[in-house]
Amino acid sequence: MPTRTTAKTARPGYRCAECGWTTAKWVGRCGECQAWGTVEEVGSTPVRTTVAAAVREPARPIADVDVEAARAAPTGVDEFDRVLGGGLVPGAVVLMAGEPGVGKSTLLLDAASRVASSGRTVLYVTAEESAAQVRLRAERIGALRPRLLLASETDLATVLGHVEQSSPDLLIVDSVQTVASGAVEGAAGGVSQVREVAGALIAVAKRRALATLLVGHVTKDGSIAGPRTLEHLVDVVCQFEGERHSRLRLLRAVKNRYGPTDEVGCFDLGEDGITGLADPSGLFVSSTPEPVAGTCITVTLEGRRPLLAELQSLVAAETTPGNARRVTSGLESSRVAMVLAVCQRRLGVAIANRDTYVATVGGVRLTEPSVDLAAALAVTSAALDRPLPAGLVALGEVGLAGEVRPVGGVPRRLSEAARLGFTAAVVPAGSVPAGKAPEGMAVHEVATLADACRWARLTSG
């Protein structure tokens, strides 16, 4: 039965150039992304109605579908494969997003090199840099491989021609926002262009069972640039994060049709390229021979991976009343301010007229509520000038009433701390079942912040 299409003319509408939101009349501000001046008129287009067509291949029972074609092939970068769920699935499209300079291109070039060294063909399309620039980076990180093909193109039709000519096993496009299609009006990076380019690349990937990695830009607020439908079209969305002044990089899977979304990959970005970190905890803990007042170790969870981090606090001499400073680095300032208020009101720590500084070691950013207790103990230790006992870790959420609330994954956190040689822990009450504490570790369960300070030998009682 042939396909029959009928058409009728629709009224002109308006669409946001940033997110693709549509409306029947013009407005100055987008109702979806709240951007100003981005709503533009869209010309009248025919509305098509499609009737059913003949089925070439009938539907079959799900148990009869061959799954061997969907087995993941590892890239050779262990931390990358961990986040992907074992590797790249043939036909899967992965969108890699991150801020400029965070290391997206370096990571993908390293993965391309390892895939090419295993005998597979990789086509790396660079639309932002020249081929010579990418070649220099590949030489610096040792990624020169004969089966790694490089093309510098910004035209979609030419990119598809390279795919047909080279028949690669892996396609990398850096980036999807800088490739344009001649069949669509507008400059590269616009909503229509990004949708057309992504749709064409995804169609080729599914038809040829070609694993595809797309690099995506992000906006100033950290979200992926382009239409929101881009994230829905691809199979995997990975976010590459890292502070500009820190070597640590974290790779998270925001969406993953083939694996978990709570795995995190850790990388060290250096002059010689990017290296996976199977055990990154040492980056966030300082090595001091003797305990120092104002420092406390905690264990945070990045996905399912426990990481040790050190909090440091400095409480200065008294200043003019009302002019005390509160400075934080690597922590949420509002949460630290709440912890300081609880320490002053519930413990009687005199910090109202004293400059207080709280920071993390190694540039790591901690947003979990579980770091509250470590921050409170570090501030109290600094204010009283009494160091915490050696080998102590603290974790728990602190409430405004001074209570210590439970947090998730305590056994996993304590096991990681015990593996690294810590011998004591202060945790919320009821967090560890009887007899389940790690071997060689003394676990102290506390209900209030005052109890935690007594166990940490900051107060008597």
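All values derive from a computational prediction rather than experimental measurement.

Side note on the packing of aromatic side chains
What characterises a pair of aromatic rings is the spacing of the ring centres plus the angle enclosed by the ring planes.
Thought 1: Tallying each qualifying case throughout the model produces one aromatic pair.
Thought 2: Plain terms: the ring middles of phenylalanine 240 and phenylalanine 267 are 5.9 Å apart, the flat faces sit at 75° to each other, and that makes the pair edge-to-face. Highlighted residues: phenylalanine 240 in strand S11 (residues 236-241) and phenylalanine 267 in strand S13 (residues 264-270), separated in sequence by 27 residues. Here the two residues phenylalanine 240 and phenylalanine 267 agree in accessibility, since each one is buried.

Some points on helix H5 (residues 191-208)
Thought 1: With 18 residues, H5 ought to run about 26 Å at 1.5 Å a step, and its terminal C-alpha atoms sit 26 Å apart, in line with that.
Thought 2: Those residues of H5 that fall on the buried side of the exposure criterion are Val191, Gln193, Val194, Val197, Ala198, Ala200, Leu201, Ile202, Val204 and Ala205.
Thought 3: Following H5 by one or two positions, alanine 209 has its phi on the positive side, about 55°.

Overview of empty space enclosed by the protein
Gaps between atoms show up when a probe of the same size as a water molecule is rolled over them.
Thought 1: Using the criterion set out here, one finds two cavities of 30 Å³ or more in the structure.
Thought 2: When residues of the lining of the largest cavity are traced back to their parent elements, those giving at least two are helix H7 (333-347) and helix H8 (372-384).
Thought 3: The biggest single contributor to the lining of the largest cavity is H7, with three residues.
Thought 4: Across the lining of the largest cavity, the residue classes tally to seven nonpolar, one polar and four charged.
Thought 5: Volume-wise, the second largest cavity comes out at about 40 Å³.
Thought 6: Around the second largest cavity, the lining residues are Leu84, Gly87, Leu88, Val89, Ala92, Val94, Val236, Asn256 and Tyr258.
Thought 7: Of the residues that constitute the lining of the second largest cavity, the class distribution is seven nonpolar, two polar and no charged.

Quick word on the packing of helix H2 (residues 104-117) against helix H3 (residues 131-141)
The geometry of a pair of packed helices is captured by two quantities: the angle between their axes and the separation between those axes.
Thought 1: Between H2 and H3, whose axes approach to 10 Å, the crossing angle comes to 65°. Viewed along their axes, H2 and H3 adopt a mutual orientation that is roughly perpendicular. Here the hand of the crossing between H2 and H3 comes out right-handed. Seen from H2, the contacting residues are Ser105, Thr106, Leu109 and Asp110; seen from H3, they are Val134, Arg137, Ala138 and Ile141.
Thought 2: Across the contact of H2 with H3, the residue classes break down as four nonpolar, two polar and two charged.

Focus: the sheet that holds strand S12 (residues 248-256)
Thought 1: The strand order across the open sheet formed by nine strands is S8-S7-S9-S10-S6-S11-S12-S13-S14, and the pairing between neighbours is mixed. Edge strands, defined here as strands with exactly one partner in the open sheet, are strand S8 (148-152) and strand S14 (273-276). Pairs of neighbouring strands in the sheet enclose a mean axial angle of 20°, with direction left out of account.
Thought 2: The sheet contact formed by S13 and S14 spans four bridges and is antiparallel. When the sheet's bridge partners are listed, phenylalanine 267 is paired in S14 with glycine 276.
Thought 3: Across the sheet, helix H4 (residues 156-166) is in contact with strand S7 (122-126), S8 and strand S9 (170-174); its angle to S7 comes to roughly 165°.

Digging into the state of the cysteines
Thought 1: All told, the structure shown has zero disulfides when counted by the stated rule.
Thought 2: Free cysteine: cysteine 296, not disulfide-bonded; nearest cysteine sulfur from cysteine 453 at 10 Å.
Thought 3: Among the residues examined, cysteine 296 registers a relative accessible area of 1% and is labelled buried.

Side note on the sheet that holds strand S3 (residues 22-23)
Thought 1: Strand order across the open sheet formed by three strands is S3-S2-S4, with antiparallel pairing between neighbours. Two strands lie at the open edges of the sheet, namely S3 and strand S4 (39-42), each paired on one side alone.
Thought 2: Two strands pair when backbone bridges link them, and strand S2 (residues 13-16) and S3 are joined in this way by two bridges, in the antiparallel orientation. From the neighbouring strand, tyrosine 14 faces S3, where its bridge partner is threonine 23.

Some details on the confidence of the model for the chain
Thought 1: Here the chain shows a mean pLDDT of 88. Residues at 70 or above account for 95%.
Thought 2: The model gives residues 5-9 a pLDDT under 50, and that stretch makes 14 contacts with residues more than four places away or in other chains.

Notes on the packing of H4 against H5
Thought 1: Two elements in contact, H4 and H5, have axes whose closest approach is 11 Å; the angle formed by their N-to-C orientations is 15°. By the criterion of interaxial angle, the relationship of H4 to H5 is roughly parallel. Seen from above, H4 lies across H5 with right-handed handedness. The segment H4 lies against H5, with Leu156, Val159, Leu160, Val163 and Glu164 engaging Glu196, Val197, Ala200, Leu201, Val204, Arg207 and Arg208.
Thought 2: Grouping the constituent residues of the contact of H4 with H5 by class yields eight nonpolar, no polar and four charged.

Some thoughts on the nonpolar core
Thought 1: In this structure, Leu373 and Leu377 are the most contacted members of the largest nonpolar core, which totals 45 residues.
Thought 2: Mapped onto this core, the elements with two or more residues apiece are S12, S13, strand S16 (305-318), H7, H8, strand S19 (392-394), strand S22 (424-428) and helix H10 (449-455).
Thought 3: Among residues more than four places away in sequence, those in contact with leucine 373 are Ala394, Leu395, Gly396, Val398, Val404, Val426, Leu449 and Ala452.
Thought 4: Within the second largest apolar cluster, 35 residues are counted, among which are Leu109, Val115, Val134 and Leu251.

Some thoughts on the pattern of salt bridges
Thought 1: Under the defined criterion, the tally for this structure stands at 21 salt bridges.
Thought 2: With its nearest N and O atoms 3.0 Å apart, the salt bridge here joins glutamate 79 to arginine 305. Taken together, the positions of glutamate 79 in helix H1 (residues 78-84) and arginine 305 in strand S16 put the pair 226 residues apart, joining distant regions of the chain. In terms of burial, glutamate 79 and arginine 305 fall into one category: buried.
Thought 3: Close ionic contact of arginine 208 with glutamate 164 constitutes a salt bridge, the shortest N to O distance being 3.1 Å. On the criterion of sequence distance, the pair formed by arginine 208 in helix H5 and glutamate 164 in helix H4 is long-range, its members being 44 residues apart.
Thought 4: Given the relative accessible area of 26%, arginine 208 is considered partly exposed.
Thought 5: Its relative accessible area of 42% is what places glutamate 164 among the partly exposed residues.
Thought 6: What you see here is one network of salt bridges that share partners, running through Glu79, Arg82, Glu263, Arg304 and Arg305.

Conventions we followed
- Just so you know, the residues in each chain are numbered from 1, in the order the chain's sequence is written.
- Local features in this predicted model are restricted to residues whose pLDDT is 70 or higher, and side-chain atom pairs enter the listing and the counts only when it is 80 or higher, whereas totals over whole chains, interfaces and linings include all residues.
- The side-chain values count all of the structure's non-hydrogen atoms but skip hydrogen atoms and water molecules.
- Only rings of Phe, Tyr and Trp enter the pairing, Trp through its six-membered ring, and a pair is recorded when the two centres are within 6.5 Å. The plane angle decides the type: under 30 degrees is stacked, over 60 is edge-to-face, the rest tilted.
- The helix and strand labels rest on DSSP assignments: H or I over at least four residues marks a helix, E over at least two residues marks a strand, and numbering proceeds from the N terminus.
- The cut-offs for exposure are 20% and 50% of the maximum accessible area for each residue type, with area from a 1.4 Å probe on protein chains only; residues under the lower value are buried, those over the upper are exposed, and the others partly exposed.
- Helices are assigned an expected span. That span is 1.5 Å times one less than the residue count.
- Using a 1 Å grid laid over the protein atoms alone, points where a 1.4 Å probe fits but cannot get out form a cavity; open sets with protein on both sides within 12 Å along at least 5 of 7 lines form a pocket; any residue with an atom within 4 Å of a point counts as lining.
- Grid points are joined across faces, edges and corners, and a volume is the space filled by probe spheres set on the points.
- When residues are sorted by character, Ala, Val, Leu, Ile, Met, Phe, Trp, Tyr, Cys and Pro go into the nonpolar class, Asp, Glu, Lys and Arg into the charged class, and all the rest, Gly among them, into the polar class.
- To get an axis, fit a line to the C-alpha atoms, keeping to the stretch in contact for a helix; angles then go from 0 to 180 degrees between the N-to-C directions.
- Our angle categories are set so that under 35 degrees counts as roughly parallel, over 145 as roughly antiparallel, 65 to 115 as roughly perpendicular, and the remainder as oblique.
- When the near helix sits turned anticlockwise from the far one by under a right angle, the crossing is termed left-handed; a clockwise turn instead gives a right-handed crossing.
- Any two residues whose heavy atoms approach within 4.5 Å are treated as being in contact.
- When DSSP locates at least two bridges between a pair of strands, those strands are taken to pair.
- Throughout, a disulfide means two cysteine sulfur atoms within 2.5 Å of one another.
- On a scale of 0 to 100, pLDDT captures the predictor's confidence in every residue.
- As used in this record, nonpolar core signifies buried Ala, Val, Leu, Ile, Met, Phe, Trp, Tyr and Cys residues forming a set joined through side-chain atoms within 4.5 Å.
- Basic side-chain nitrogens of Lys or Arg form a salt bridge, by our definition, when they fall within 4 Å of a carboxyl oxygen of Asp or Glu.

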